[in-house]
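Chain by chain, the residues:
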Amino acid sequence: MRIVYLNGEYLPENEARISIFDRGFLFADGVYEVTTVVDGKLIAFEGHFQRLNRSLAELQIEAEIDRDELLEIHRELITRNDLDQGMIYLQITRGNPGDRDFAFPTEPTEPTMVLFTQEKTVIGTAIEDKGLSVISIEDLRWGRRDIKTIQLLYPSLAKMEAKARGADDAWMVQDGEVTEGTANNAYIVKDGTIITRNLTNEILHGITRKSVLACAKALQMKVEERPFTIEEVKAADEAFATSASGFVNPVVEIDGERIGSGKPGQVAARLRDEYVRVNMKEAL
Ligand code: PLP
(Lines give C-alpha, C1' and ligand atoms only; values in the text may rest on other atoms or scores of the structure.)
Protein backbone atom coordinates (compact mmCIF):
# COMPACT_ATOMS: atom_id res chain seq x y z
CA MET A 1 0.00 0.00 0.00
CA ARG A 2 1.21 3.47 -0.88
CA ILE A 3 2.19 6.06 1.67
CA VAL A 4 0.75 9.42 0.67
CA TYR A 5 1.16 12.95 2.01
CA LEU A 6 -1.80 14.97 3.26
CA ASN A 7 -1.49 18.32 5.04
CA GLY A 8 1.70 17.62 6.95
CA GLU A 9 1.20 13.90 7.52
CA TYR A 10 2.43 10.74 5.84
CA LEU A 11 -0.41 8.21 5.80
CA PRO A 12 -1.35 4.87 4.24
CA GLU A 13 -3.43 5.76 1.16
CA ASN A 14 -6.65 4.38 2.66
CA GLU A 15 -6.35 6.60 5.72
CA ALA A 16 -5.98 9.93 3.88
CA ARG A 17 -9.28 11.81 4.10
CA ILE A 18 -10.53 15.13 2.75
CA SER A 19 -13.73 17.06 3.53
CA ILE A 20 -16.70 16.88 1.16
CA PHE A 21 -16.70 20.70 1.38
CA ASP A 22 -13.20 20.96 -0.04
CA ARG A 23 -13.36 23.43 -2.93
CA GLY A 24 -11.20 21.12 -4.99
CA PHE A 25 -14.00 18.54 -4.84
CA LEU A 26 -16.89 21.01 -5.30
CA PHE A 27 -15.43 23.54 -7.77
CA ALA A 28 -12.18 22.04 -9.12
CA ASP A 29 -10.69 25.02 -7.27
CA GLY A 30 -7.12 23.84 -7.16
CA VAL A 31 -3.88 23.37 -9.03
CA TYR A 32 -1.48 20.50 -9.58
CA GLU A 33 1.97 19.49 -10.74
CA VAL A 34 3.45 16.21 -11.88
CA THR A 35 7.16 15.68 -11.37
CA THR A 36 8.86 12.69 -12.94
CA VAL A 37 11.17 10.36 -11.03
CA VAL A 38 14.03 8.46 -12.68
CA ASP A 39 16.46 6.35 -10.67
CA GLY A 40 14.74 7.69 -7.56
CA LYS A 41 15.57 11.29 -8.53
CA LEU A 42 13.36 14.23 -9.44
CA ILE A 43 13.45 15.65 -12.95
CA ALA A 44 13.06 19.44 -13.37
CA PHE A 45 11.87 20.02 -9.79
CA GLU A 46 12.68 23.76 -9.87
CA GLY A 47 10.53 24.39 -12.95
CA HIS A 48 7.55 22.58 -11.45
CA PHE A 49 7.97 24.46 -8.17
CA GLN A 50 8.02 27.81 -9.96
CA ARG A 51 4.97 27.02 -12.08
CA LEU A 52 3.11 25.79 -8.99
CA ASN A 53 3.64 29.16 -7.33
CA ARG A 54 2.51 30.97 -10.45
CA SER A 55 -0.69 28.87 -10.70
CA LEU A 56 -1.46 29.47 -7.00
CA ALA A 57 -0.95 33.22 -7.39
CA GLU A 58 -3.21 33.36 -10.48
CA LEU A 59 -6.03 31.73 -8.46
CA GLN A 60 -5.21 33.74 -5.31
CA ILE A 61 -4.80 30.57 -3.28
CA GLU A 62 -2.78 31.59 -0.27
CA ALA A 63 -0.45 28.68 0.27
CA GLU A 64 3.01 29.36 1.62
CA ILE A 65 5.19 26.71 0.04
CA ASP A 66 8.80 26.51 1.10
CA ARG A 67 10.97 25.14 -1.72
CA ASP A 68 13.25 23.07 0.53
CA GLU A 69 10.31 21.68 2.49
CA LEU A 70 8.50 20.69 -0.70
CA LEU A 71 11.62 19.01 -2.06
CA GLU A 72 11.92 17.11 1.22
CA ILE A 73 8.30 15.90 0.97
CA HIS A 74 8.92 14.68 -2.59
CA ARG A 75 12.08 12.86 -1.48
CA GLU A 76 10.40 11.35 1.55
CA LEU A 77 7.63 9.93 -0.64
CA ILE A 78 10.19 8.45 -3.04
CA THR A 79 11.95 6.77 -0.11
CA ARG A 80 8.84 5.58 1.71
CA ASN A 81 7.38 4.13 -1.50
CA ASP A 82 10.66 2.83 -2.83
CA LEU A 83 9.99 4.59 -6.13
CA ASP A 84 12.53 4.08 -8.88
CA GLN A 85 10.63 5.28 -11.98
CA GLY A 86 7.35 7.13 -12.09
CA MET A 87 5.80 10.37 -10.99
CA ILE A 88 4.91 12.40 -7.96
CA TYR A 89 1.50 14.02 -8.25
CA LEU A 90 0.94 17.14 -6.17
CA GLN A 91 -2.37 18.93 -5.72
CA ILE A 92 -3.22 22.03 -3.74
CA THR A 93 -6.81 23.22 -3.39
CA ARG A 94 -8.31 26.28 -1.71
CA GLY A 95 -9.41 23.97 1.08
CA ASN A 96 -12.60 23.62 3.08
CA PRO A 97 -14.61 26.77 3.89
CA GLY A 98 -17.21 24.63 5.73
CA ASP A 99 -19.99 25.21 3.20
CA ARG A 100 -20.60 25.53 -0.55
CA ASP A 101 -20.48 29.04 -1.99
CA PHE A 102 -19.33 30.28 -5.40
CA ALA A 103 -17.51 33.22 -3.79
CA PHE A 104 -14.12 32.54 -2.27
CA PRO A 105 -14.30 32.45 1.56
CA THR A 106 -13.77 35.92 3.06
CA GLU A 107 -11.37 34.48 5.63
CA PRO A 108 -8.77 32.48 3.66
CA THR A 109 -9.07 28.76 4.38
CA GLU A 110 -6.19 26.40 5.07
CA PRO A 111 -5.28 24.97 1.65
CA THR A 112 -5.43 21.21 1.18
CA MET A 113 -2.15 19.75 -0.01
CA VAL A 114 -1.88 16.19 -1.26
CA LEU A 115 1.03 14.34 -2.81
CA PHE A 116 1.22 10.75 -3.94
CA THR A 117 3.50 8.56 -6.01
CA GLN A 118 2.61 6.71 -9.17
CA GLU A 119 4.79 4.00 -10.70
CA LYS A 120 5.33 4.25 -14.46
CA THR A 121 8.04 3.24 -16.89
CA VAL A 122 9.44 6.47 -18.29
CA ILE A 123 12.74 5.29 -19.78
CA GLY A 124 12.63 2.72 -22.59
CA THR A 125 8.89 2.80 -23.33
CA ALA A 126 7.24 1.15 -26.35
CA ILE A 127 6.07 4.60 -27.53
CA GLU A 128 9.67 5.65 -28.24
CA ASP A 129 9.84 2.94 -30.93
CA LYS A 130 6.25 2.92 -32.10
CA GLY A 131 5.13 6.52 -31.82
CA LEU A 132 1.67 7.83 -30.99
CA SER A 133 -1.42 8.18 -33.12
CA VAL A 134 -3.58 11.23 -32.44
CA ILE A 135 -6.94 12.61 -33.51
CA SER A 136 -7.75 16.29 -33.89
CA ILE A 137 -10.61 17.63 -31.81
CA GLU A 138 -12.07 21.08 -31.15
CA ASP A 139 -10.51 22.71 -28.07
CA LEU A 140 -13.47 23.40 -25.79
CA ARG A 141 -11.52 24.18 -22.60
CA TRP A 142 -11.68 27.47 -20.71
CA GLY A 143 -9.54 30.49 -21.59
CA ARG A 144 -6.87 30.26 -18.86
CA ARG A 145 -5.07 27.12 -19.93
CA ASP A 146 -1.80 28.63 -18.71
CA ILE A 147 -2.93 27.91 -15.13
CA LYS A 148 -2.41 24.26 -14.25
CA THR A 149 -5.81 23.70 -12.67
CA ILE A 150 -7.36 20.38 -11.70
CA GLN A 151 -10.39 20.92 -13.96
CA LEU A 152 -9.42 18.29 -16.50
CA LEU A 153 -12.81 17.04 -17.67
CA TYR A 154 -12.51 18.19 -21.27
CA PRO A 155 -9.02 16.71 -21.79
CA SER A 156 -10.38 13.53 -20.22
CA LEU A 157 -13.32 13.49 -22.69
CA ALA A 158 -10.92 14.20 -25.57
CA LYS A 159 -8.75 11.26 -24.50
CA MET A 160 -11.82 9.01 -24.41
CA GLU A 161 -12.81 10.17 -27.91
CA ALA A 162 -9.29 9.35 -29.10
CA LYS A 163 -9.53 5.86 -27.58
CA ALA A 164 -12.97 5.31 -29.09
CA ARG A 165 -11.47 6.12 -32.50
CA GLY A 166 -8.55 3.74 -31.94
CA ALA A 167 -5.95 6.47 -31.35
CA ASP A 168 -3.65 7.17 -28.42
CA ASP A 169 -4.31 10.86 -27.82
CA ALA A 170 -6.01 14.00 -29.09
CA TRP A 171 -4.52 17.25 -30.34
CA MET A 172 -6.90 20.08 -29.67
CA VAL A 173 -7.67 22.71 -32.30
CA GLN A 174 -8.86 26.29 -31.95
CA ASP A 175 -9.67 28.49 -34.98
CA GLY A 176 -8.10 25.83 -37.21
CA GLU A 177 -4.82 25.77 -35.29
CA VAL A 178 -3.44 23.20 -32.86
CA THR A 179 -3.30 24.36 -29.26
CA GLU A 180 -1.81 21.30 -27.53
CA GLY A 181 -2.35 17.64 -26.65
CA THR A 182 -4.64 16.52 -23.81
CA ALA A 183 -1.67 16.55 -21.43
CA ASN A 184 1.31 17.55 -23.57
CA ASN A 185 2.64 20.28 -25.83
CA ALA A 186 2.54 19.67 -29.59
CA TYR A 187 5.24 20.12 -32.25
CA ILE A 188 5.84 19.53 -35.93
CA VAL A 189 9.08 19.48 -37.89
CA LYS A 190 9.19 20.83 -41.44
CA ASP A 191 12.34 21.19 -43.54
CA GLY A 192 14.49 20.99 -40.41
CA THR A 193 12.53 23.62 -38.45
CA ILE A 194 10.74 22.73 -35.23
CA ILE A 195 7.39 24.51 -34.98
CA THR A 196 5.42 24.76 -31.74
CA ARG A 197 2.68 27.12 -30.58
CA ASN A 198 3.90 30.30 -28.87
CA LEU A 199 3.19 30.81 -25.17
CA THR A 200 -0.09 32.59 -24.41
CA ASN A 201 -3.05 31.89 -22.09
CA GLU A 202 -4.22 29.34 -24.65
CA ILE A 203 -1.74 26.63 -23.67
CA LEU A 204 0.03 25.33 -20.61
CA HIS A 205 3.58 26.59 -20.39
CA GLY A 206 5.18 23.17 -20.32
CA ILE A 207 8.24 22.70 -18.16
CA THR A 208 9.41 20.02 -20.60
CA ARG A 209 8.69 22.36 -23.54
CA LYS A 210 11.03 24.98 -22.10
CA SER A 211 13.84 22.49 -21.56
CA VAL A 212 13.33 20.78 -24.94
CA LEU A 213 13.47 24.12 -26.78
CA ALA A 214 16.70 24.92 -24.93
CA CYS A 215 18.04 21.50 -26.03
CA ALA A 216 17.01 22.25 -29.63
CA LYS A 217 18.90 25.52 -29.54
CA ALA A 218 21.96 23.84 -28.01
CA LEU A 219 21.83 21.28 -30.86
CA GLN A 220 21.57 24.18 -33.33
CA MET A 221 18.15 23.18 -34.52
CA LYS A 222 15.87 25.91 -35.85
CA VAL A 223 12.78 26.68 -33.76
CA GLU A 224 9.70 28.71 -34.73
CA GLU A 225 7.18 29.49 -31.99
CA ARG A 226 3.86 29.99 -33.76
CA PRO A 227 0.50 28.25 -34.17
CA PHE A 228 0.21 25.58 -36.89
CA THR A 229 -2.74 23.93 -38.63
CA ILE A 230 -3.82 20.30 -39.02
CA GLU A 231 -2.94 20.59 -42.73
CA GLU A 232 0.60 21.51 -41.68
CA VAL A 233 0.70 18.48 -39.37
CA LYS A 234 -0.31 16.24 -42.27
CA ALA A 235 2.37 17.78 -44.50
CA ALA A 236 5.08 17.71 -41.79
CA ASP A 237 8.24 15.60 -41.91
CA GLU A 238 7.64 14.51 -38.34
CA ALA A 239 5.73 15.44 -35.20
CA PHE A 240 6.14 14.96 -31.48
CA ALA A 241 4.71 15.81 -28.07
CA THR A 242 6.39 16.75 -24.80
CA SER A 243 5.36 16.32 -21.17
CA ALA A 244 6.98 15.75 -17.80
CA SER A 245 6.26 12.03 -17.74
CA GLY A 246 6.47 11.35 -21.49
CA PHE A 247 9.60 13.45 -22.17
CA VAL A 248 9.62 13.66 -26.00
CA ASN A 249 7.24 11.24 -27.72
CA PRO A 250 7.04 10.83 -31.50
CA VAL A 251 3.61 11.34 -33.09
CA VAL A 252 3.31 9.30 -36.28
CA GLU A 253 -0.33 9.57 -37.30
CA ILE A 254 -3.14 12.15 -37.18
CA ASP A 255 -6.79 11.45 -38.03
CA GLY A 256 -5.72 8.16 -39.62
CA GLU A 257 -3.11 9.77 -41.92
CA ARG A 258 0.59 9.06 -41.67
CA ILE A 259 2.88 11.94 -40.67
CA GLY A 260 6.10 11.90 -42.73
CA SER A 261 7.27 8.29 -43.07
CA GLY A 262 4.78 7.17 -40.43
CA LYS A 263 7.75 6.15 -38.24
CA PRO A 264 9.24 7.99 -35.24
CA GLY A 265 11.44 10.83 -36.51
CA GLN A 266 15.10 11.66 -35.96
CA VAL A 267 14.51 15.10 -34.48
CA ALA A 268 12.24 13.73 -31.74
CA ALA A 269 14.75 10.97 -30.94
CA ARG A 270 17.68 13.38 -30.72
CA LEU A 271 15.72 15.79 -28.54
CA ARG A 272 14.60 12.99 -26.26
CA ASP A 273 18.18 11.81 -25.74
CA GLU A 274 19.43 15.33 -25.11
CA TYR A 275 16.54 16.13 -22.78
CA VAL A 276 17.18 13.00 -20.69
CA ARG A 277 20.94 13.62 -20.64
CA VAL A 278 20.67 17.25 -19.51
CA ASN A 279 17.89 16.70 -17.00
CA MET A 280 19.37 13.56 -15.43
CA LYS A 281 22.54 15.52 -14.77
CA GLU A 282 20.51 18.11 -12.88
CA ALA A 283 18.09 15.66 -11.20
CA LEU A 284 17.59 16.15 -7.44
N1 PLP B 1 -0.22 20.80 -21.85
C2 PLP B 1 -1.15 20.30 -21.02
C3 PLP B 1 -2.57 20.62 -21.25
C4 PLP B 1 -0.76 19.49 -19.94
O5 PLP B 1 -1.69 19.00 -19.11
C6 PLP B 1 0.61 19.19 -19.77
C7 PLP B 1 1.05 18.34 -18.65
O8 PLP B 1 0.27 17.82 -17.90
C9 PLP B 1 1.54 19.72 -20.67
C10 PLP B 1 1.08 20.53 -21.70
C11 PLP B 1 3.01 19.44 -20.54
O12 PLP B 1 3.55 20.18 -19.48
P13 PLP B 1 4.82 19.66 -18.68
O14 PLP B 1 5.92 19.54 -19.69
O15 PLP B 1 5.11 20.74 -17.70
O16 PLP B 1 4.46 18.36 -18.08
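Every value quoted in this text rests on a predicted model; they were computed, and no experiment measured them. (Residues numbered from 1 in each chain as written. Predicted model: local features only at pLDDT ≥ 70, side-chain atom pairs only at ≥ 80, totals over all residues. Heavy atoms only, no water.)

Student: Describe the packing of helix 6 (residues 207-218) against helix 8 (residues 266-281), naming the residues involved and giving the relevant values.
Tutor: Between helix 6 and helix 8, whose axes approach to 9 Å, the crossing angle comes to 105 degrees. Considered as vectors, helix 6 and helix 8 are oriented roughly perpendicular to each other. Contact with helix 6, carried on its side by T208, S211, V212, C215 and A216, involves L271, E274, Y275, V278 and N279 of helix 8 and no other residues of that element. Residue composition of the contact of helix 6 with helix 8, by class: six nonpolar, three polar and one charged. (Axes fitted to C-alpha atoms, helices over the stretch in contact; angles between N-to-C directions. Helix = DSSP H or I, 4+ residues; strand = E, 2+ residues; numbered from the N terminus. Parallel < 35°, antiparallel > 145°, perpendicular 65-115°, else oblique. Contact = heavy atoms within 4.5 Å. Nonpolar A, V, L, I, M, F, W, Y, C, P; charged D, E, K, R; others polar.)

Student: Could you give me a rundown of unusual backbone geometry, with the residues and numbers involved?
Tutor: Residues other than glycine seldom take positive phi values, yet A44 does so here, at roughly 55 degrees. One can find A44 in the loop between strand 4 (41-42) and helix 2 (45-58). Positioned with a positive phi, D255 is a non-glycine residue whose angle comes to about 45 degrees. Looking at the element boundaries, D255 is found in the loop between strand 14 (247-254) and strand 15 (257-258).

Student: Can you tell me about a nonpolar patch on the surface, naming the residues and giving the values?
Tutor: On the surface, a nonpolar cluster with roughly 340 Å² of combined accessible area is contributed by I20, F21 and F25. Looking at the element boundaries, I20 is found in the loop between strand 2 (9-12) and helix 1 (23-27). (Patch = residues over 30% accessible without salt bridge, like charges linked within 9 Å, V, L, I, M, F, W, Y side chains within 5 Å. Areas by Shrake-Rupley, 256 points an atom, 1.4 Å probe, with all protein chains shown as cover. Salt bridge = Lys/Arg side-chain N within 4 Å of Asp/Glu carboxyl O.)

Student: Which residues make up the domain arrangement of the chain, and what are the values?
Tutor: Entries for the chain in the domain assignment read domain 1 (3-119) and domain 2 (126-282). Inter-centroid distance (C-alpha atoms) of domain 1 to domain 2 is 26 Å. Counting residues at the interface gives 24 residues for domain 1, matched by 18 residues for domain 2. Where domain 1 abuts domain 2, roughly 1,800 Å² becomes buried across the two surfaces, and 66% of that area is made up of carbon and sulfur atoms. Taken together, the links from domain 1 to domain 2 amount to two salt bridges. The shortest N-O distance in the salt bridge between D146 and R54 comes to 2.9 Å. If you list the elements that add at least two residues to the side of domain 1 that touches domain 2, you get strand 3 (30-38), helix 2 and strand 5 (86-93). Grouping the constituent residues of the side of domain 1 that touches domain 2 by class yields 10 nonpolar, eight polar and six charged. (Domains from an automatic or database assignment. Buried area = accessible area lost by both parts, 1.4 Å probe.)

Student: Lay out the nonpolar core in plain terms, naming residues and giving numbers.
Tutor: Grouped together as the largest cluster of nonpolar side chains are 24 residues, with contacts concentrated most on L56, I65, L70, I92, M113 and L115. Of all elements in the fold, only strand 3, helix 2, helix 3 (67-80), strand 5 and strand 6 (112-119) reach the threshold of two or more residues within this core. Ignoring anything within four residues of it in the chain, the contact list for M113 reads Y5, L6, N7, I65, L70, I73, Q91 and I92. In terms of nonpolar packing, the next biggest core, distinct from the first, is built from 22 residues, V189, L213, A268 and Y275 among them. (Core = buried A, V, L, I, M, F, W, Y, C linked by side-chain atoms within 4.5 Å. Buried < 20%, exposed > 50% of the residue type's maximum accessible area, 1.4 Å probe, protein only.)

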